Amino acid sequence: MTTSRQFWTLLKLQPAINPAILFMPLIFVFPLLMPMLMQRSTPYHPSLNSLISTQNSFLVAFFGILFLCPELFGRGNAKWSSGVEFFVTRAIDRNILYRARLTAYYLAVLAIPVILIFGTFTKSDIQIRETNPANQRVLIDALPGSSQTGEENAKEKSIINIPNGSFVVGTYNVWIFLLWGIATQFVISVISPLKYRKYIFWTLYGILIAFPLIFAASIMRSAVHSGGSKTPLAATTFTWTESLFLQFAHYQPFIWIATAIALITIHLWCERRFTRAEY
Amino acid sequence: MTAPIRVQDVTRSFDGALAVDHLSFAVQPGSIYGFLGRNGAGKTTTLRMLAGLIRPHSGEVRICGQDPFTMTAQDRQWLGYMSEKADAPSRLKVGSLIQLGRDLYPTWDDAWARDLLAKYSFSPHKRFSTLSQGNQRLLSFILAIAPRPKVLLLDEPAANLDVVARREILDDILMLIRDCGCTVLFSTHILSDVERVADEIGILARGRLQVSESLDSLKDSIHQVRFFDFLNGLPTEEIPGAFRTVRDRTDIVTTLRTTPDATPETLAARWQCKQETRSLNLEDIFVELSRN
């Protein structure tokens, strides 16, 4: 049997083995759709977008266990079997089994963010409210085609228009999901052979709780400078989430290439580890 | 001719506890090897190494000359394995599992698989997890044999099965060997199954192989001997070929392998005592060797 036929045979079985694949991606719809709808009527706020969508990091990591190695972390049900031992002892190449699982995982993680990009084509421009002149300069430099639309002397009305901004935000969300996916894949591969893998994973998972708090802190800080209170006008006041978004928007081709290289490298390493694992 | 199943000086431990200790044996083409041992003797560990699920810490295991851990899908087409656990994906339906076998194995005997499913009254629409334990084992057995493998590894195939199903499984194994010269290694606790079909028997105790030979040879060579009426008192020397010896004030009762140098008669003559030899059936031999 050719490797491609093996792959499709195994991929087709994934929803039957793990019906969560069919339903769980829908969890992403609301957190991603809400900021997308908001930015149609109000200025886009990268930190707010990050805060709303960061809760998805929990789910991306949780999907990781569910799809990539449910057998290693257990499901609290002795009768339940993911079938890894069964598949490994059939006429199947181990790396193909891993690829099928990984494909199902990334489909579950990326399907909704990718589908939502299509919604950005109807109203593609977005506005960012920014009062700090230094920030404004950086924004205009970083975001291709962006321009100031508000009255130049009225600080409160400084709006920067970003052509195709919704599309950039949509691809940024996909990129963030992809990064979480790669990180999850990597962490699971590293800890899978360890004796205390279950505890290590859930500890790391618990640490993720801090992330929305960091984003919330970013928003608070962001609100200070957006309000234009006491920040020196010559200094930029971007939070790190905003800076990340700007870097992404500015260096998109380079970032996608770097991400693809990271994805392939980490995948090859993880696949090699999976093929050498014992069950 | 190379032995299709070969285990050479294999050792494997788990968390420092030795599960298999310098184990060596080979199974000849077209024969059935019955693997006996108490719980925790190392049978499943050995089978899992042969199936390529785990690796030995030292020594080597070979299936048709290849390392099962690194076998490709193409090589695995000739290896059938049935785990002691219900290892198939719980949510898959019987029909999907059969379809998977059909897709993966060019040698899949669909007519035979259908006959077997009908014989055991399987509905293709039932999920694997909803089958009874016995039916899960039967289905796992069908999935292992329907590709008509050259080498078949069965870990406790008859566990949780009724007597009729057990008999039918053994008949199917014999049919497989008759039809395609399959080599079979199976572990079991049910000694009558081994007596019925096995050409050769291996008894494992604490990870070490105590004996590995044909049943007839085993019964001919291992006896229980009682030495009594010693003229010069009980000897203190080690009894050659003895697996287990119990001494009291007047008697020595030992299970020993008879060799030309150490028959019950020669030992009785040497110690100037009388002897009484009792033939052992497989169960007696198994118990004696396992308790050793």
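Residues numbered from 1 in each chain as written. Chains lettered and ligands numbered in written order. Predicted model: local features only at pLDDT ≥ 70, side-chain atom pairs only at ≥ 80, totals over all residues.

**Considerations on the overall build of chain B**
Then, number 1: Scanning chain B for helices and strands turns up 10 helices and 13 strands.
Then, number 2: Taken over the C-alpha atoms alone, chain B extends approximately 75 × 40 × 35 Å along its principal axes.
Then, number 3: Across the 292 residues of chain B, 42% fall into the buried class.
Then, number 4: Sequence-distant contacts, at least 24 apart, represent 72% of the contacts inside chain B between residues at least 6 apart. (Helix = DSSP H or I, 4+ residues; strand = E, 2+ residues; numbered from the N terminus. Buried ≥ 20, exposed ≤ 12 C-beta atoms within 10 Å, placed from the backbone. Contact = placed C-beta atoms within 7 Å.)

**Details of the packing of helix H5 (residues 56-68) of chain A against helix H8 (residues 94-118) of chain A**
Residues and elements named next belong to chain A.
Then, number 1: The geometry of H5 relative to H8 is characterised by a closest axis approach of 9 Å and an angle of 150 degrees between their N-to-C directions. Put simply, H5 runs roughly antiparallel to H8. As H5 runs across H8, the sense of the crossing is right-handed. The residues of H8 that touch H5, namely those facing Val60, Phe63, Gly64, Phe67 and Leu68, are Arg101, Leu102, Ala104, Tyr105, Ala108 and Val109.
Then, number 2: Of the residues belonging to the contact of H5 with H8, the class tally is 9 nonpolar, 1 polar and 1 charged. (Axes fitted to C-alpha atoms, helices over the stretch in contact; angles between N-to-C directions. Parallel < 35°, antiparallel > 145°, perpendicular 65-115°, else oblique. Left-handed = near helix turned anticlockwise from the far one by under 90°. Nonpolar A, V, L, I, M, F, W, Y, C, P; charged D, E, K, R; others polar.)

**Digging into the pairing of strand E9 (residues 208-213) of chain B**
Residue and element names in this part refer to chain B.
Then, number 1: Where strand E8 (residues 200-205) and E9 come together, 5 bridges link them in antiparallel fashion. Pairing of Ile201 across the sheet is with Glu213, part of E9.
Then, number 2: Between E8 and E9, which pair antiparallel and follow one another directly, the connecting turn spans 2 residues, one of which, Arg206, has a positive phi of 50 degrees. (Pairing = 2+ DSSP bridges.)

**Thoughts on helix H9 (residues 133-142) of chain A**
All names here are of chain A.
Then, number 1: Residues of H9 that are buried include every one of Asn135, Gln136 and Leu139, and no others. Summarising the axial view, the buried residues of H9 lie within an arc of 100 degrees, below the 170-degree limit, and thus occupy one face.
Then, number 2: Tucked into the core, H9 has its buried residues touching strand E1 (126-129), strand E2 (147-148) and strand E3 (159-162). (Arc of directions from axis to C-beta.)

**Some remarks on the environment of Leu100 of chain B**
Then, number 1: You can see Leu100 of chain B is positioned in helix H3 (residues 94-104).
Then, number 2: For the pair Leu100 of chain B and Leu143 of chain B, spaced 43 residues apart in sequence, the C-alpha to C-alpha distance is 9.4 Å.
Then, number 3: Excluding residues within four positions of it along the chain, Leu100 of chain B makes contact with Thr9 and Leu13 of chain A.

**Section: unusual backbone geometry**
Residue and element names in this part refer to chain B.
Then, number 1: Its identity is not glycine, yet His22 carries a phi of approximately 45 degrees, on the positive side.
Then, number 2: Within the element layout of this structure, His22 appears in strand E2 (residues 17-27).
Then, number 3: Given 14 C-beta atoms within a 10 Å radius, His22 is considered partly exposed.
Then, number 4: With a phi angle near 55 degrees, Ser121 is a residue other than glycine that sits in the positive phi range.
Then, number 5: Given 8 C-beta atoms within a 10 Å radius, Ser121 is considered exposed.

**Description of the interface of chain B and chain A**
In many analyses, interface size is given as the accessible surface area lost on bringing the parts together.
Then, number 1: Between chain B and chain A, the contact holds 24 residues from the first and 22 residues from the second.
Then, number 2: Contributions of two or more residues to the side of chain B that touches chain A are made by helix H2 (73-76) and H3 of chain B.
Then, number 3: Sort the elements by how many residues they give to the side of chain B that touches chain A and H3 of chain B lands first, with 4 residues.
Then, number 4: For the side of chain B that touches chain A, the class distribution of residues is 12 nonpolar, 7 polar and 5 charged.

**Quick notes on the domain arrangement of chain B**
Residues and elements named next belong to chain B.
Then, number 1: Assigned domains within chain B: domain 1 (5-213) and domain 2 (217-291).
Then, number 2: Relative placement of domain 1 and domain 2: their C-alpha centres are 36 Å apart.
Then, number 3: Counting residues at the interface gives 12 residues for domain 1 and 7 residues for domain 2.
Then, number 4: In the side of domain 1 that touches domain 2, the residues fall into 7 nonpolar, 2 polar and 3 charged. (Domains from an automatic or database assignment.)

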